[in-house]
Amino acid sequence: MALAVHSNWHVALAAWLFPVFLLRYARLRSARRGLLRVGYALGLGQLVWLLSTGLVFVPSALGAFAVLAFLQTLAFAADRVVAARTASAAGTLVFPTVLVCGEYLFTRLVDFGDYGLLGFTQHGFLPLLQLASVTGAYGISFVVAWTASTAHWAWQRGTHRREIRRGALVWAGVLAVVLGAGGVRLVFFPPTTKTVRVAGISAGRTAERATERALRAGGLQLYRPRGLVRAAPDRVRAALAPVADDLVAGTEREARAGARIVVWPETQAGALAADERGLLGRVAAIARARHVYVDAAYALFVPQAPYVRNVAALVTPDGKVAWTYDKTHPTPMERMRPGKGNVPVAASPYGRLANVICYDADFPALMRQAADKGAALVMVPANDWPGFDALHAQRAVLRSVEYGYAMIRQSVHGVATAVDHQGRIRSTADYFTADRQTLVAQLPVQPRTETVYGAAGDVFALLCAVGTVLVLGLGVAGGRAVPLLRGGSVRGARDGSPSGPGEALGPEAPPGDVLPAEAPGDAPSGEALPGNVRPGEG
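Residues numbered from 1 in each chain as written. Predicted model: local features only at pLDDT ≥ 70, side-chain atom pairs only at ≥ 80, totals over all residues. Heavy atoms only, no water.

**Brief notes about the pattern of salt bridges**
Here is step 1 of the chain: In the structure shown here, the tally under the stated rule is 19 salt bridges.
Here is step 2 of the chain: Of the charged contacts in the structure, one is a salt bridge between Asp275 and Arg237, with a shortest N-O distance of 2.8 Å. On the criterion of sequence distance, the pair formed by Asp275 in the loop between β3 (270-272) and α12 (276-290) and Arg237 in helix α11 (residues 233-256) is long-range, its members being 38 residues apart.
Here is step 3 of the chain: Residue Arg237 is classed as partly exposed on the basis of its relative accessible area, which comes to 34%.
Here is step 4 of the chain: The network of salt bridges with common partners includes Asp114, Asp362, Arg395, Arg399 and Glu402. (Salt bridge = Lys/Arg side-chain N within 4 Å of Asp/Glu carboxyl O. Helix = DSSP H or I, 4+ residues; strand = E, 2+ residues; numbered from the N terminus. Buried < 20%, exposed > 50% of the residue type's maximum accessible area, 1.4 Å probe, protein only.)

Written as structure tokens, this is what we have:
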């Protein structure tokens, strides 16, 4: 499971496998201990993710992913309590249905984006990825989870080969349709050959170091904006100049090379409020001379608390500023006032252009605005860190497939990517493997491809929520109808009837789960009794 959490070093295959063994463990142990330990394991998996990304020191992240682990545990509990009561292959749908419902609840109720979805681990599996255009990432989570529950069901029903074949054929048929449709979409409906040259630029290491040295010499730090605002303006201006100058020079260079759209990274450049017009004026001169659109992102230091704004301004070929957009979703580490949440969109000869900033792209509802406004290309200035560098870029792939637009994500201190609307990576640039991170790509600029998910939204996830309510109803009804274990007596070990809520093994217990020759008094101390219960447990 540690390899299945979506990190820089995850293994896509692990996401298909780990639930099989946790489902098995939850079935073979008493409900109380088994599910507690499954929840403990899921919590450890989230802790591994937090450690790998460096977010373990962020209290809000710890709380959010504790909630996610709890919601994931409920899927295993539903399988134990409800699906275990039936030997039918239909029971395999319980686990993926409740899992997707939990993912949806996490996205809607916890203000942390749509992290933790199992579907993101499959970002490189293009035929399966096309399912996101219909169901969002939730459908991919469902397929992966259903595969695991089907494998577990077949394992449990090992002696019933004909029954297993029927259930496996249904699963294989659905998977074949999903992958086949994805393959057809990739092969027969490729992106248009009409493309636009886009460039993402970051200031070079030399410029970054020069700015860092100058700030340090003045006792200043970028992440303490109050000090920057109150320091001598000339000193701050001189310290910020190397990075800003490098980005302006890079804009000129890429525009000369033929780029029609240039994107800066998030907050690598900085400007005092009094200098903002001057910085944009330099960019506008290049835009007019080279007929290029420039998405200039920068930290704007202002005299009012919290003293900094995280903004992106689109400068058009006529030298005008089409918008100045404030980041809608600052990360828990960013102490700044969020923007109004209105995604800006402007017409261009290359299709409608839209803009969000970094973490904003992890919120599907916000990204839907760009689709609703007909955006063909979404520009995403970003700023990541080691441990989060590749992960964020990979997530952007699913956003493009979900909503049918191309995306250029220029991420300093991370991996920059250009993606078409079917999830193909057109170009990448890794900050950590180059002295100067420059991304150049030819992106298709057809009008945004309409997708089912873009039109219908989270209907699939809502259907899973309805299914979860039905599962809960079955669990309650079953709990009333099935006698509970009392005083260590074991019912069901002999006749195959359920032992009680959470203890059921289905109408017919799998081999190895029940030893008919044993009686309750024969079980050695510390070992599970027939029916997977211990003395006094029910």
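Now that the structure is up, let's keep going.
**Overview of the state of the cysteines**
When the sulfur atoms of two cysteines share a covalent bond, that bond is a disulfide.
Here is step 1 of the chain: In the structure shown here, the tally under the stated rule is zero disulfides.
Here is step 2 of the chain: Unpaired in this structure, Cys101 has its nearest cysteine sulfur neighbour in Cys464, at a distance of 7.6 Å.
Here is step 3 of the chain: What makes Cys101 buried here is its relative accessible area of 8%. (Disulfide = S-S within 2.5 Å.)

**A short note on the packing of α11 against α12**
Here is step 1 of the chain: In the contact formed by α11 and α12, the axes pass within 10 Å of each other and the chain directions differ by 5 degrees. Taken together, the axes of α11 and α12 are roughly parallel relative to one another. For the pair formed by α11 and α12, the contact residues are Ala244, Asp245, Val248, Thr251, Glu252, Ala255 and Arg256 on the first element and Leu279, Arg282, Ile286 and Arg290 on the second.
Here is step 2 of the chain: Of the residues in the contact of α11 with α12, the class split is five nonpolar, one polar and five charged. (Axes fitted to C-alpha atoms, helices over the stretch in contact; angles between N-to-C directions. Parallel < 35°, antiparallel > 145°, perpendicular 65-115°, else oblique. Contact = heavy atoms within 4.5 Å. Nonpolar A, V, L, I, M, F, W, Y, C, P; charged D, E, K, R; others polar.)

**A look at the nonpolar core**
Here is step 1 of the chain: One finds Trp49, Phe112, Ile261, Trp264 and Val378 to be the most contacted residues of the largest nonpolar core, which totals 140 residues.
Here is step 2 of the chain: Looking at this core, the element that brings in the most residues is helix α3 (residues 59-81), giving ten residues.
Here is step 3 of the chain: In this view, Ile261 contacts Val196, Arg197, Val198, Ala199, Val292, Tyr293, Tyr350, Leu353, Leu377 and Met379; residues no more than four positions away in its chain are not counted.
Here is step 4 of the chain: Leu215, Val236, Ala239 and Met336 belong to the second-largest nonpolar core, a separate cluster that totals twelve residues. (Core = buried A, V, L, I, M, F, W, Y, C linked by side-chain atoms within 4.5 Å.)

**Considering the packing of aromatic side chains**
Here is step 1 of the chain: Tallied over the full model, the rule gives 20 aromatic pairs.
Here is step 2 of the chain: With centroids separated by 5.3 Å and ring planes inclined at 85 degrees, the aromatic side chains of Phe65 and Phe112 adopt a geometry described as edge-to-face. Linking Phe65 in helix α3 with Phe112 in the loop between α4 (94-109) and α5 (126-129), this pair joins segments that are 47 residues apart in sequence. There is no split in this pair, since Phe65 and Phe112 are both buried.
Here is step 3 of the chain: Through pairs of rings, three or more aromatic residues link up here, namely Trp49, Phe65, Phe106, Phe112, Tyr115, Tyr359, Phe363, Trp385 and Phe388.
Here is step 4 of the chain: One residue, Arg24, lies across the ring of Trp155, its end atom 4.8 Å from the ring centre.
Here is step 5 of the chain: A cation over a ring is seen here: Arg395 above Phe120, with NZ or CZ 4.1 Å from the ring centre. (Phe/Tyr/Trp six-rings, centres within 6.5 Å; stacked < 30°, edge-to-face > 60°. Lys NZ or Arg CZ within 6 Å of the ring centre and 35° of its normal.)

**With respect to the pairing of strand β10 (residues 406-412)**
Here is step 1 of the chain: The buried fraction of β10 is high, at seven of seven residues.
Here is step 2 of the chain: Of the two faces of β10, both are covered, the one formed by Ala406, Ile408, Gln410 and Val412 as well as the one formed by Met407, Arg409 and Ser411.
Here is step 3 of the chain: Crossover handedness for the path strand β9 (residues 375-383) to helix α14 (residues 389-403) to β10: right-handed.
Here is step 4 of the chain: Counting the residues between successive antiparallel strands, the hairpin from β10 to strand β11 (residues 415-419) contains two residues, one of them, His413, with a positive phi of roughly 60 degrees. (Right-handed = clockwise from strand over helix to strand, strands pointing away. Pairing = 2+ DSSP bridges.)

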